[in-house]
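Working through the structure, step by step
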Amino acid sequence: FDVIRTEHFDVHFYAEERQAALDAARMAERAYARLSRVLQHEFTERKPIVLYASHSEFQQTNTLYGFIDESTGGVTESMKRRIIMPFTGSYAEFEHVFTHEMVHAFQYDVIFRNRLRDVSLVGFRPHLWFMEGMAEYLSVGRIDANTEAWLRDAVLAGYIRSVDEMSRRDDYLSYRFGQSLWTYIGTKWGDEVVGVLLQRA
């Protein structure tokens, strides 16, 4: 790997992907500027970003344990706080997934930094709707067509969930219903409230 050092990140990439990696480095700093403001949090150390030229190369990574299936667009490790993901050929989709994963880097940084100060947080595991819904909302900024379709079907078919029901389940709908709840919160009270709720979680 070669490395591009930005103000907040070390971007690891294969040399032949340098131009795309430079674009990703710019995306990283742009996303960091917005997310640090919204979530009212700044990193105290540089975060690694590991980029692969394709999804098949990403699936062969030795930075993660276990099998990575075709539906996984990227991963943010909770302990090492590094983002690992492939280029997809679509900058719009890459930036969406990249920003989603960066939200996770912020979430883990906030949670683990608070955990060091408060022993009662040992073993704290936020609900999937909280984590994934927030990451989807802050990476898209609204309810997208995919989530809107799931919500419409859930209302018409009668399987829409309350917050208590969302908190008891960890499945794909946690992404969609969580995103819709965070969209409601951000629209009604402002995105800064998302940061306040993360800090208080």
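The sections below set out a description of the structure shown in this document. (Residues numbered from 1 in each chain as written. Predicted model: local features only at pLDDT ≥ 70, side-chain atom pairs only at ≥ 80, totals over all residues. Heavy atoms only, no water.)

Here the focus is unusual backbone geometry. Positive phi outside glycine occurs at Gln-40, with the angle close to 55°. Of note, the phi angle at Arg-81 is positive, near 55°, even though the residue is not glycine. Considering the arrangement of structural elements, one finds Arg-81 in the loop between β4 (75-76) and β5 (83-86). (Helix = DSSP H or I, 4+ residues; strand = E, 2+ residues; numbered from the N terminus.)

Judged by how many residues are buried, strand β3 (residues 47-52) sits mostly within the fold: five of six residues are covered. The pairing of strand β2 (residues 9-13) with β3 spans four bridges and is parallel. Each bridged residue has a counterpart across the sheet, and for Asp-10 the counterpart in β3 is Pro-48. In this fold, β2 hands off to helix α1 (residues 18-38), which returns the chain to β3; that crossover is left-handed. Of the strand pairs in this sheet, β3 and β5 are connected by four bridges, and their pairing is parallel. Looking at β5, one finds that Ile-49 is bridged to Ile-83. (Buried < 20%, exposed > 50% of the residue type's maximum accessible area, 1.4 Å probe, protein only. Pairing = 2+ DSSP bridges. Right-handed = clockwise from strand over helix to strand, strands pointing away.)

Inspection of the secondary structure puts His-41 in the loop between α1 and β3. Classification of His-41 by relative accessible area gives buried; the value is 8%. At a separation of 2.6 Å, a polar atom in the side chain of His-41 contacts the side chain of Asp-109. With sequence-adjacent residues up to four places away left out, His-41 is seen in contact with Ser-36, Phe-106, Asp-109, Val-110, Arg-113 and Gln-199. (Polar contact = N/O pair within 3.5 Å; in protein donor to acceptor, adjacent residues only side chain to side chain. Contact = heavy atoms within 4.5 Å.)

Attention shifts here to the packing of aromatic side chains. This structure, assessed with the given rule, holds 17 aromatic pairs. Between Phe-9 and Tyr-32, the aromatic rings sit 6.0 Å apart at their centres with planes inclined by 80°, giving edge-to-face as the arrangement. In this pair, Phe-9 sits in strand β2 while Tyr-32 sits in helix α1, placing the two residues 23 residues apart along the sequence. Considered together, Phe-9 and Tyr-32 belong to a single accessibility category, that of buried residues. Arranged with centres 5.9 Å apart and planes meeting at 80°, the rings of Tyr-14 and Tyr-52 form a pair that is edge-to-face. Highlighted residues: Tyr-14 in the loop between β2 and α1 and Tyr-52 in strand β3, separated in sequence by 38 residues. Overall, Tyr-14 belongs to the partly exposed group, its relative accessible area being 25%. Overall, Tyr-52 belongs to the buried group, its relative accessible area being 4%. (Phe/Tyr/Trp six-rings, centres within 6.5 Å; stacked < 30°, edge-to-face > 60°.)

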